[in-house]
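# Chains, contacts and geometry: an overview
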Amino acid sequence: MKNTDKEKKGHAALIVIIAVAIVAGVSLLPLEKLSDGIVGDFSLVSDIIHDSLKTEVEDEDPKVEIDPELAQMMKADTVASGNIVMSDSVSECIPDSIPPAVIVERTESGILPIEDYTTDGKGAYRLRQAIASGRFARIAIVGDSYIEGDIFSQNVREKLQSLYGGAGVGYVNMYSEFPGFRRSVKQSGKGWTAHIAGKKGTSREYLGLSESYFTVEGNAWSQYKGTQSLAHLSEWDVSRFLFVASASANITASINGVATAYPVSASDSVQEIRIVTPATSDFKVSVNSSAVKGLGVWLDSSAGVGVDCMSSRGFSGLTLASISEELCSQMRAFVNYDLIILEFGINAMAPNQKKFTVYSSKMAEVVEHVRKCYPESDILLMGIGDRGQKRSGVVKSMNSVPYMIDAQRQTARKTRCLFWDTRAAMGGEDAIVDWANSGRANKDYIHLTHKGGEVLAEEFVNALKLQLQ
């Protein structure tokens, strides 16, 4: 018995020694180098040693985490391709029939133009036609936390409405946990449950371009008031609420405090309550039926330009490939777009990553799907803004930023859409440091402040005006 116990202990010790040896061996492999930054290096020693003993020379990872869904895709691609001997360039996957990418230079007046990879070089044709004809033109800016709180998009809206007419904030969701963060509308409400793309319990059939819908808990209501913080937002002409009602229900909508009851019938299709009356005070929607799924509220004018901000924190853009084509088709009857701007990328990057072929390929699928959902819309991809990373105690541009921008540019080229180099407009390499020091960006060296959003919007609108000539 004693010998048997000793043998068991010896076997257990041997197993532990072998396991430690394997883990130590893996920690010696340059995984980050082999995978071009997709899989990080693992160090047994550094995981044991307390963080306080690490030297300042080591790179410090930014706070924003990579989209978990994308991370899984990239790891699967890394495993499938072995030691990653493939080219980093996305352009090698693009047919020769598509013209090469051309990195544009600023004009003599200092404007950084939008790069046009559209078929026949039509550019923002539909938006240009809408403005020229005098009909109401609508733009959607769909993105991540970079535009959260209507940052950047609120100033794009203000400047375009000053140039071409229009009023109102456009799209607003049914409920916000942080309504005060957004300066472009005064929003309040309760009784709504948000359902977001990619989250448990969310049904794809109710997901449109905003990637969210809202269900009712008991009695739900939402109220929207104008604001003087930016121009053209204190009043508007057209108020609409889009929804799907699986059973008959009563919905109350009020404008300037005057309420009207709207009995609605059961339908699997999108329905609209639309009030064409100058809103000088507020617009309010009240629902007491769980059969109603709220898709959103739009506060607009009957002419000019409208700009909708649709932000989803933490998203990489890939979930847009799953929005409902049927729902979007129905929503187009009430709210259509002449230009859809996709602003993503900051949640698809790891420090020192060089290979973005998986992300580019998936984003190309996103563009094509959005194009199916909105066939009458031009599409523009925004390159990521400059993003900082602390190295040896000094903040510099993250090493992976140029690689991501190249992948985004090649995605625009592959899908024949428009592209605007946000980082170049900010000033290029290490621009984020200057922007953060001057109050135009936050000290996370990623996100813009309201001040920075206004500066970037000025750059973008100037570029867009060249497309509209």
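Report on the accompanying structure. (Residues numbered from 1 in each chain as written. Predicted model: local features only at pLDDT ≥ 70, side-chain atom pairs only at ≥ 80, totals over all residues. Heavy atoms only, no water.)

This part is about the pairing of strand β14 (residues 378–382). Counting buried residues along β14, 5 of its 5 residues qualify, which places the element largely inside the surrounding structure. Side chains of β14 alternate between two faces, with D378, L380 and M382 and I379 and L381 buried alike. Note: strand β13 (residues 339–343) against β14, 5 bridges, orientation parallel. The residue of β14 that forms the bridge with I341 is L380. What joins β13 to β14 is helix α8 (residues 357–373), and the crossover it makes is right-handed. With 3 bridges joining them, β14 and strand β17 (residues 418–420) adopt parallel strand pairing. By the bridge assignment, L381 is partnered in β17 with F419. (Buried < 20%, exposed > 50% of the residue type's maximum accessible area, 1.4 Å probe, protein only. Helix = DSSP H or I, 4+ residues; strand = E, 2+ residues; numbered from the N terminus. Pairing = 2+ DSSP bridges. Right-handed = clockwise from strand over helix to strand, strands pointing away.)

This part is about the pattern of salt bridges. Any two side chains of opposite charge can pair, given that their charged atoms come close. What the rule picks out here adds up to 17 salt bridges. Between D386 and R423 there is a salt bridge, with the nearest N and O atoms lying 2.8 Å from each other. On the criterion of sequence distance, the pair formed by D386 in the loop between β14 and β15 (388–391) and R423 in helix α10 (residues 422–426) is long-range, its members being 37 residues apart. Of the two residues, D386 and R423, both sit in the buried class. The salt bridge involving E429 is made with R423; its shortest N-O contact spans 2.6 Å. By relative accessible area, which is 8% here, R423 ends up buried. Members of the salt-bridge network, linked through shared partners, are R138, R240, E272, D300 and D308. (Salt bridge = Lys/Arg side-chain N within 4 Å of Asp/Glu carboxyl O.)

This brings us to the packing of helix α6 (residues 153–164) against helix α12 (residues 450–467). One way to put it is that α6 packs onto α12 with a least axis distance of 8 Å and a crossing angle of 45°. Between α6 and α12, the crossing angle belongs to the class labelled oblique. Crossing handedness for the pair α6 and α12: right-handed. From α6, Q154, N155, V156, K159, L160, L163 and Y164 reach across to α12, where they touch H450, G453, E454, A457, E458, F460, V461, L464 and K465. (Axes fitted to C-alpha atoms, helices over the stretch in contact; angles between N-to-C directions. Parallel < 35°, antiparallel > 145°, perpendicular 65-115°, else oblique. Left-handed = near helix turned anticlockwise from the far one by under 90°. Contact = heavy atoms within 4.5 Å.)

As a further point, take the environment of F419. Examined against the element boundaries, F419 turns out to sit in strand β17. The sequence separation of F419 and Y117 amounts to 302 residues, and the corresponding C-alpha distance is 7.6 Å. Ignoring any residue separated from it by four or fewer positions in sequence, one finds F419 in contact with I114, E115, Y117, L380, L381, M382, G383, I405, Q408, R409 and A412.

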